[in-house]
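Understanding the architecture of this molecule
Chain by chain, the residues:
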Amino acid sequence: MNEYVLRTNLLTKRYKQQLALDNVDMSIRAGSIYGFIGQNGAGKSTLMKLVTGLAFQTSGSIELFGQSEEKALIEARHRIGVAIEQPALFPYMTAYENVEAHRIQRGIPGRECVAQALKLVGLGETGRKKARNFSLGMKQRLSLAVALLGDPEFLILDEPTNGLDPMGVVEMRELLRKLNRERGITILISSHILSELHQLATHYGIIHHGKLLEQLTADELQARCRTFLHIKVDAPERAAAVIERELDTNEFEVLENGAIRLYAHLERPGRVSSALAAHGLEIEQFMPMGEDLESYFTARIGGGAHE
Ligand SMILES: Nc1ncnc2c1ncn2[C@@H]1O[C@H](COP(=O)(O)OP(=O)(O)OP(=O)(O)O)[C@@H](O)[C@H]1O
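Predicted, not measured: the structure shown is a model, and the values here were computed from it.

1. Re empty space enclosed by the protein
- Scanning the entire structure with this criterion turns up 1 cavity of 30 Å³ or more.
- Elements represented by at least two residues in the lining of the largest cavity include exactly α5 (136-148) and α6 (166-183).
- A per-element tally of the lining of the largest cavity places α6 first, with 3 residues.
- Classifying every residue of the lining of the largest cavity gives 2 nonpolar, 2 polar and 2 charged.

2. Description of the domain arrangement of the protein
- Here the protein is partitioned into domain 1 (4-223) and domain 2 (226-290).
- Taken over C-alpha atoms, the centre of domain 1 sits 45 Å from the centre of domain 2.

3. Concerning the sheet that holds strand β7 (residues 154-157)
- If you trace the 6 strands from one edge of the open sheet to the other, you get β6-β7-β8-β4-β9-β10, paired in mixed fashion. The outermost strands of the open sheet, each flanked by one partner alone, are β6 (80-83) and β10 (211-217). Taken pair by pair, the neighbouring strands of this sheet meet at an average axis angle of 15°, ignoring direction.
- For strand β4 (residues 33-37) and strand β8 (residues 186-191), the ladder comprises 5 bridges, and the chain directions are parallel. When the bridges of β8 are listed, Phe36 appears paired with Ser190.
- Each of β4, β7 and β8 is contacted by α6, which is oriented at about 155° to β8, the strand it contacts most.
- Running at roughly 145° to β10, helix α10 (residues 293-300) makes contact with β4, β9 (203-208) and β10 of the sheet.

4. Topic: the nonpolar core
- Residues Leu142, Leu144, Leu155 and Leu176 are the most contacted members of the largest nonpolar core, which totals 48 residues.
- If one sorts the elements of this core by residue count, α5 sits on top with 7 residues.
- In contact with Leu176, other than residues within four places in its own chain, are Leu144, Leu157, Ile187, Ile189 and Leu200.
- Core analysis: the second largest hydrophobic core is formed by 27 residues, Met26, Phe36, Met48 and Ile207 among them.

Parameters at a glance
Residues numbered from 1 in each chain as written. Predicted model: local features only at pLDDT ≥ 70, side-chain atom pairs only at ≥ 80, totals over all residues. Heavy atoms only, no water. 1 Å grid on protein atoms, 1.4 Å probe; cavity = no way out; pocket = protein on both sides within 12 Å on 5 of 7 lines; lining within 4 Å. Points joined across faces, edges and corners; volume = space filled by probe spheres on them. Helix = DSSP H or I, 4+ residues; strand = E, 2+ residues; numbered from the N terminus. Nonpolar A, V, L, I, M, F, W, Y, C, P; charged D, E, K, R; others polar. Domains from an automatic or database assignment. Pairing = 2+ DSSP bridges. Axes fitted to C-alpha atoms, helices over the stretch in contact; angles between N-to-C directions. Contact = heavy atoms within 4.5 Å. Core = buried A, V, L, I, M, F, W, Y, C linked by side-chain atoms within 4.5 Å. Buried < 20%, exposed > 50% of the residue type's maximum accessible area, 1.4 Å probe, protein only.

Dropping the structure here:
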(Lines give C-alpha, C1' and ligand atoms only; values in the text may rest on other atoms or scores of the structure.)
Protein backbone atom coordinates (compact mmCIF):
# COMPACT_ATOMS: atom_id res chain seq x y z
CA MET A 1 0.00 0.00 0.00
CA ASN A 2 1.14 3.53 -0.72
CA GLU A 3 2.22 5.44 2.31
CA TYR A 4 0.56 8.54 0.89
CA VAL A 5 -2.93 8.84 -0.54
CA LEU A 6 -2.24 12.30 -1.89
CA ARG A 7 0.86 14.30 -2.70
CA THR A 8 0.92 17.57 -4.57
CA ASN A 9 4.05 19.08 -6.00
CA LEU A 10 4.30 22.85 -6.48
CA LEU A 11 0.58 22.91 -7.21
CA THR A 12 -0.45 26.32 -8.50
CA LYS A 13 -3.76 27.72 -9.72
CA ARG A 14 -4.25 31.17 -11.11
CA TYR A 15 -7.68 32.61 -11.97
CA LYS A 16 -6.88 35.60 -14.19
CA GLN A 17 -5.32 38.05 -11.70
CA GLN A 18 -6.04 35.91 -8.67
CA LEU A 19 -3.36 33.47 -7.49
CA ALA A 20 -5.60 30.98 -5.67
CA LEU A 21 -2.92 28.35 -4.97
CA ASP A 22 0.75 29.11 -4.81
CA ASN A 23 3.24 26.22 -5.16
CA VAL A 24 1.53 23.93 -2.67
CA ASP A 25 3.33 20.77 -1.55
CA MET A 26 0.77 18.82 0.45
CA SER A 27 1.07 15.24 1.61
CA ILE A 28 -1.67 13.14 3.15
CA ARG A 29 -0.81 9.79 4.69
CA ALA A 30 -3.06 6.78 4.20
CA GLY A 31 -5.34 6.32 7.21
CA SER A 32 -5.05 9.89 8.43
CA ILE A 33 -7.65 12.60 8.94
CA TYR A 34 -6.13 15.74 7.48
CA GLY A 35 -7.61 18.99 8.75
CA PHE A 36 -7.18 21.67 6.13
CA ILE A 37 -7.42 25.06 7.80
CA GLY A 38 -7.68 28.46 6.20
CA GLN A 39 -9.83 31.58 6.16
CA ASN A 40 -12.48 32.13 3.51
CA GLY A 41 -10.74 32.59 0.18
CA ALA A 42 -7.46 31.00 1.34
CA GLY A 43 -7.57 28.38 -1.41
CA LYS A 44 -9.02 25.28 0.28
CA SER A 45 -11.82 24.62 -2.22
CA THR A 46 -9.46 25.31 -5.11
CA LEU A 47 -7.05 22.60 -3.96
CA MET A 48 -9.92 20.16 -3.50
CA LYS A 49 -11.28 20.93 -6.96
CA LEU A 50 -7.89 20.31 -8.57
CA VAL A 51 -7.43 17.03 -6.74
CA THR A 52 -10.90 15.80 -7.69
CA GLY A 53 -10.58 16.96 -11.30
CA LEU A 54 -13.29 19.65 -11.10
CA ALA A 55 -10.72 22.25 -12.16
CA PHE A 56 -7.29 22.12 -13.74
CA GLN A 57 -4.04 23.46 -12.31
CA THR A 58 -1.98 26.21 -13.90
CA SER A 59 1.21 24.35 -12.99
CA GLY A 60 2.52 21.67 -10.66
CA SER A 61 1.38 18.08 -10.28
CA ILE A 62 -0.90 15.79 -8.28
CA GLU A 63 -0.15 12.23 -7.18
CA LEU A 64 -3.14 10.18 -6.02
CA PHE A 65 -2.60 6.67 -4.65
CA GLY A 66 0.87 6.86 -6.17
CA GLN A 67 -0.49 7.75 -9.64
CA SER A 68 0.36 11.01 -11.36
CA GLU A 69 0.25 10.15 -15.04
CA GLU A 70 -2.93 11.59 -16.63
CA LYS A 71 -4.88 8.41 -17.41
CA ALA A 72 -3.89 6.65 -14.19
CA LEU A 73 -4.86 9.77 -12.25
CA ILE A 74 -8.36 9.72 -13.76
CA GLU A 75 -8.64 6.05 -12.72
CA ALA A 76 -7.38 6.84 -9.22
CA ARG A 77 -10.06 9.53 -8.85
CA HIS A 78 -12.68 6.76 -8.86
CA ARG A 79 -11.39 5.83 -5.42
CA ILE A 80 -12.35 9.24 -3.97
CA GLY A 81 -15.65 10.31 -2.42
CA VAL A 82 -16.31 14.02 -2.70
CA ALA A 83 -18.52 16.60 -1.00
CA ILE A 84 -17.42 20.01 -2.22
CA GLU A 85 -19.84 22.90 -1.81
CA GLN A 86 -23.50 22.04 -1.32
CA PRO A 87 -24.06 19.02 -3.54
CA ALA A 88 -27.04 18.83 -5.82
CA LEU A 89 -29.65 17.67 -3.35
CA PHE A 90 -33.15 17.43 -4.72
CA PRO A 91 -35.40 19.24 -2.22
CA TYR A 92 -38.61 17.39 -3.08
CA MET A 93 -37.03 13.95 -2.85
CA THR A 94 -36.51 11.78 0.24
CA ALA A 95 -33.03 10.86 1.50
CA TYR A 96 -33.27 7.50 -0.26
CA GLU A 97 -34.41 9.02 -3.56
CA ASN A 98 -31.62 11.58 -3.44
CA VAL A 99 -28.87 9.02 -2.96
CA GLU A 100 -30.48 6.69 -5.52
CA ALA A 101 -30.52 9.53 -8.09
CA HIS A 102 -26.79 10.05 -7.58
CA ARG A 103 -26.14 6.32 -7.79
CA ILE A 104 -27.86 6.12 -11.17
CA GLN A 105 -26.16 9.28 -12.41
CA ARG A 106 -22.76 7.85 -11.53
CA GLY A 107 -23.54 4.41 -12.91
CA ILE A 108 -22.82 2.56 -9.67
CA PRO A 109 -24.31 -0.95 -9.84
CA GLY A 110 -26.41 -2.50 -7.06
CA ARG A 111 -29.19 -0.63 -5.30
CA GLU A 112 -28.21 -2.06 -1.87
CA CYS A 113 -25.43 0.49 -1.50
CA VAL A 114 -28.02 3.29 -1.17
CA ALA A 115 -29.54 1.95 2.05
CA GLN A 116 -26.07 1.05 3.34
CA ALA A 117 -24.77 4.59 2.80
CA LEU A 118 -27.85 6.08 4.48
CA LYS A 119 -27.54 3.77 7.44
CA LEU A 120 -23.87 4.62 7.81
CA VAL A 121 -24.62 8.34 8.18
CA GLY A 122 -27.61 7.76 10.46
CA LEU A 123 -30.30 8.62 7.91
CA GLY A 124 -31.66 5.11 7.50
CA GLU A 125 -34.97 5.91 9.18
CA THR A 126 -36.07 9.20 7.63
CA GLY A 127 -38.83 7.53 5.58
CA ARG A 128 -40.98 9.87 3.45
CA LYS A 129 -39.49 13.08 4.80
CA LYS A 130 -38.32 15.33 1.97
CA ALA A 131 -34.80 16.77 1.90
CA ARG A 132 -36.11 20.34 2.02
CA ASN A 133 -37.43 19.64 5.52
CA PHE A 134 -34.09 18.32 6.75
CA SER A 135 -32.00 20.22 9.27
CA LEU A 136 -28.64 21.52 8.04
CA GLY A 137 -26.91 18.68 9.90
CA MET A 138 -29.11 16.13 8.12
CA LYS A 139 -28.37 17.77 4.76
CA GLN A 140 -24.64 17.59 5.48
CA ARG A 141 -25.00 13.92 6.35
CA LEU A 142 -27.01 13.32 3.20
CA SER A 143 -24.17 14.87 1.19
CA LEU A 144 -21.81 12.53 3.00
CA ALA A 145 -24.00 9.54 2.08
CA VAL A 146 -23.73 10.60 -1.58
CA ALA A 147 -19.94 10.89 -1.20
CA LEU A 148 -19.81 7.40 0.30
CA LEU A 149 -21.36 5.75 -2.76
CA GLY A 150 -18.88 3.50 -4.48
CA ASP A 151 -16.97 2.68 -1.26
CA PRO A 152 -14.31 5.39 -1.49
CA GLU A 153 -10.94 4.95 0.21
CA PHE A 154 -10.41 8.70 0.40
CA LEU A 155 -13.05 11.28 1.33
CA ILE A 156 -12.66 14.93 0.41
CA LEU A 157 -15.05 17.12 2.37
CA ASP A 158 -15.24 20.88 2.00
CA GLU A 159 -16.44 22.50 5.24
CA PRO A 160 -18.91 19.75 6.24
CA THR A 161 -19.37 21.41 9.63
CA ASN A 162 -20.04 24.87 8.22
CA GLY A 163 -23.15 26.37 9.80
CA LEU A 164 -23.80 23.43 12.10
CA ASP A 165 -24.66 24.04 15.75
CA PRO A 166 -22.21 22.67 18.36
CA MET A 167 -24.17 19.41 18.65
CA GLY A 168 -24.14 19.00 14.87
CA VAL A 169 -20.38 19.55 14.84
CA VAL A 170 -19.91 16.83 17.47
CA GLU A 171 -22.15 14.41 15.55
CA MET A 172 -20.29 15.02 12.30
CA ARG A 173 -16.96 14.57 14.07
CA GLU A 174 -18.07 11.24 15.55
CA LEU A 175 -19.39 10.04 12.23
CA LEU A 176 -16.14 10.87 10.42
CA ARG A 177 -14.08 9.28 13.16
CA LYS A 178 -16.15 6.12 12.81
CA LEU A 179 -15.63 6.03 9.03
CA ASN A 180 -11.91 6.49 9.52
CA ARG A 181 -11.56 3.88 12.27
CA GLU A 182 -13.95 1.20 11.10
CA ARG A 183 -13.49 1.49 7.37
CA GLY A 184 -9.96 2.83 7.22
CA ILE A 185 -11.08 5.76 5.05
CA THR A 186 -8.52 8.56 4.73
CA ILE A 187 -10.20 11.96 5.08
CA LEU A 188 -9.31 15.44 3.89
CA ILE A 189 -11.61 17.90 5.63
CA SER A 190 -11.50 21.68 5.41
CA SER A 191 -12.67 24.30 7.86
CA HIS A 192 -11.99 27.92 8.68
CA ILE A 193 -12.26 27.15 12.39
CA LEU A 194 -9.32 25.16 13.71
CA SER A 195 -11.02 24.17 16.96
CA GLU A 196 -13.84 22.48 15.01
CA LEU A 197 -11.35 19.89 13.79
CA HIS A 198 -9.77 19.45 17.19
CA GLN A 199 -9.99 15.88 18.51
CA LEU A 200 -10.74 14.72 14.97
CA ALA A 201 -7.78 15.53 12.73
CA THR A 202 -4.58 13.54 13.08
CA HIS A 203 -2.72 15.98 10.84
CA TYR A 204 -3.19 19.64 9.98
CA GLY A 205 -2.32 21.84 7.05
CA ILE A 206 -2.61 25.62 7.40
CA ILE A 207 -3.22 27.57 4.20
CA HIS A 208 -3.18 31.35 3.83
CA HIS A 209 -3.41 33.42 0.64
CA GLY A 210 -2.88 30.26 -1.43
CA LYS A 211 0.31 29.21 0.38
CA LEU A 212 0.50 26.11 2.56
CA LEU A 213 2.20 27.68 5.57
CA GLU A 214 2.61 24.59 7.68
CA GLN A 215 1.80 20.90 7.95
CA LEU A 216 1.92 19.37 11.40
CA THR A 217 0.63 16.39 13.35
CA ALA A 218 -2.04 16.69 16.03
CA ASP A 219 0.63 15.95 18.67
CA GLU A 220 2.85 18.71 17.35
CA LEU A 221 -0.05 21.14 17.40
CA GLN A 222 -0.96 20.07 20.91
CA ALA A 223 2.62 20.62 22.08
CA ARG A 224 2.64 24.10 20.59
CA CYS A 225 -0.65 24.98 22.19
CA ARG A 226 0.30 23.58 25.56
CA THR A 227 -0.95 25.60 28.51
CA PHE A 228 1.07 26.02 31.68
CA LEU A 229 1.34 27.94 34.92
CA HIS A 230 3.87 30.70 34.58
CA ILE A 231 5.62 31.14 37.91
CA LYS A 232 8.26 33.66 38.91
CA VAL A 233 9.75 33.44 42.39
CA ASP A 234 12.81 34.83 44.14
CA ALA A 235 14.64 31.45 44.15
CA PRO A 236 13.76 29.31 41.11
CA GLU A 237 16.03 26.34 41.97
CA ARG A 238 14.48 26.02 45.40
CA ALA A 239 11.02 26.34 43.86
CA ALA A 240 11.87 23.57 41.39
CA ALA A 241 12.81 21.29 44.28
CA VAL A 242 9.55 22.11 46.07
CA ILE A 243 7.49 21.38 42.95
CA GLU A 244 9.22 18.06 42.46
CA ARG A 245 8.98 16.96 46.08
CA GLU A 246 5.76 18.48 47.32
CA LEU A 247 3.71 18.39 44.13
CA ASP A 248 5.23 15.15 42.94
CA THR A 249 5.77 16.13 39.31
CA ASN A 250 8.62 16.70 36.91
CA GLU A 251 6.37 18.22 34.26
CA PHE A 252 7.95 21.63 34.43
CA GLU A 253 10.88 23.58 33.07
CA VAL A 254 12.98 26.41 34.41
CA LEU A 255 13.71 28.97 31.70
CA GLU A 256 16.95 30.92 31.45
CA ASN A 257 15.32 34.01 32.93
CA GLY A 258 14.33 31.99 35.99
CA ALA A 259 10.64 31.71 35.06
CA ILE A 260 9.10 28.31 35.68
CA ARG A 261 6.59 26.69 33.34
CA LEU A 262 4.55 24.13 35.19
CA TYR A 263 2.50 21.89 32.88
CA ALA A 264 0.82 19.92 35.67
CA HIS A 265 -1.60 20.95 38.45
CA LEU A 266 -3.21 23.53 36.16
CA GLU A 267 -6.58 22.80 37.65
CA ARG A 268 -5.25 23.30 41.20
CA PRO A 269 -3.19 26.49 41.12
CA GLY A 270 -4.01 27.18 44.79
CA ARG A 271 -2.18 24.05 45.85
CA VAL A 272 0.89 25.13 43.89
CA SER A 273 1.04 28.63 45.33
CA SER A 274 0.48 27.39 48.90
CA ALA A 275 3.28 24.81 48.55
CA LEU A 276 5.68 27.50 47.34
CA ALA A 277 4.61 29.98 50.02
CA ALA A 278 4.87 27.33 52.74
CA HIS A 279 8.58 26.99 51.87
CA GLY A 280 9.14 30.73 52.24
CA LEU A 281 9.32 31.46 48.51
CA GLU A 282 8.21 34.89 47.44
CA ILE A 283 5.89 34.68 44.45
CA GLU A 284 6.39 37.55 42.01
CA GLN A 285 4.31 36.28 39.09
CA PHE A 286 1.81 33.44 38.96
CA MET A 287 -0.61 32.95 36.07
CA PRO A 288 -1.89 30.41 33.55
CA MET A 289 -0.46 30.99 30.07
CA GLY A 290 -0.28 29.36 26.67
CA GLU A 291 -2.00 29.45 23.34
CA ASP A 292 -5.31 27.92 22.49
CA LEU A 293 -5.83 26.45 19.05
CA GLU A 294 -7.54 29.47 17.57
CA SER A 295 -4.89 31.94 18.73
CA TYR A 296 -2.18 29.63 17.40
CA PHE A 297 -3.89 29.69 14.01
CA THR A 298 -4.29 33.46 14.09
CA ALA A 299 -0.64 33.93 15.08
CA ARG A 300 0.50 31.53 12.37
CA ILE A 301 -1.28 33.41 9.61
CA GLY A 302 0.16 36.66 10.88
CA GLY A 303 -2.69 37.97 13.00
CA GLY A 304 -4.73 38.78 9.92
CA ALA A 305 -7.74 36.64 10.74
CA HIS A 306 -10.17 39.45 10.06
CA GLU A 307 -8.38 41.35 7.36
N1 LIG B 1 -13.80 30.33 -10.50
C2 LIG B 1 -13.08 31.32 -9.97
N3 LIG B 1 -12.79 32.43 -10.67
C4 LIG B 1 -12.05 33.43 -10.15
N5 LIG B 1 -11.53 33.41 -8.89
C6 LIG B 1 -11.79 32.33 -8.15
C7 LIG B 1 -12.57 31.23 -8.62
N8 LIG B 1 -12.65 30.30 -7.65
C9 LIG B 1 -11.96 30.79 -6.59
N10 LIG B 1 -11.44 31.99 -6.88
C11 LIG B 1 -10.61 32.83 -5.99
O12 LIG B 1 -9.52 32.05 -5.55
C13 LIG B 1 -9.25 32.29 -4.17
C14 LIG B 1 -9.35 30.99 -3.38
O15 LIG B 1 -10.70 30.60 -3.32
P16 LIG B 1 -11.19 29.24 -2.65
O17 LIG B 1 -12.65 29.10 -2.94
O18 LIG B 1 -10.30 28.14 -3.03
O19 LIG B 1 -10.97 29.56 -1.11
P20 LIG B 1 -11.48 28.76 0.15
O21 LIG B 1 -10.33 28.69 1.09
O22 LIG B 1 -12.10 27.50 -0.24
O23 LIG B 1 -12.54 29.72 0.75
P24 LIG B 1 -14.11 29.49 0.97
O25 LIG B 1 -14.21 28.77 2.26
O26 LIG B 1 -14.63 30.89 1.04
O27 LIG B 1 -14.61 28.73 -0.21
C28 LIG B 1 -10.23 33.34 -3.72
O29 LIG B 1 -9.60 34.60 -3.79
C30 LIG B 1 -11.35 33.25 -4.73
O31 LIG B 1 -11.97 34.50 -4.90
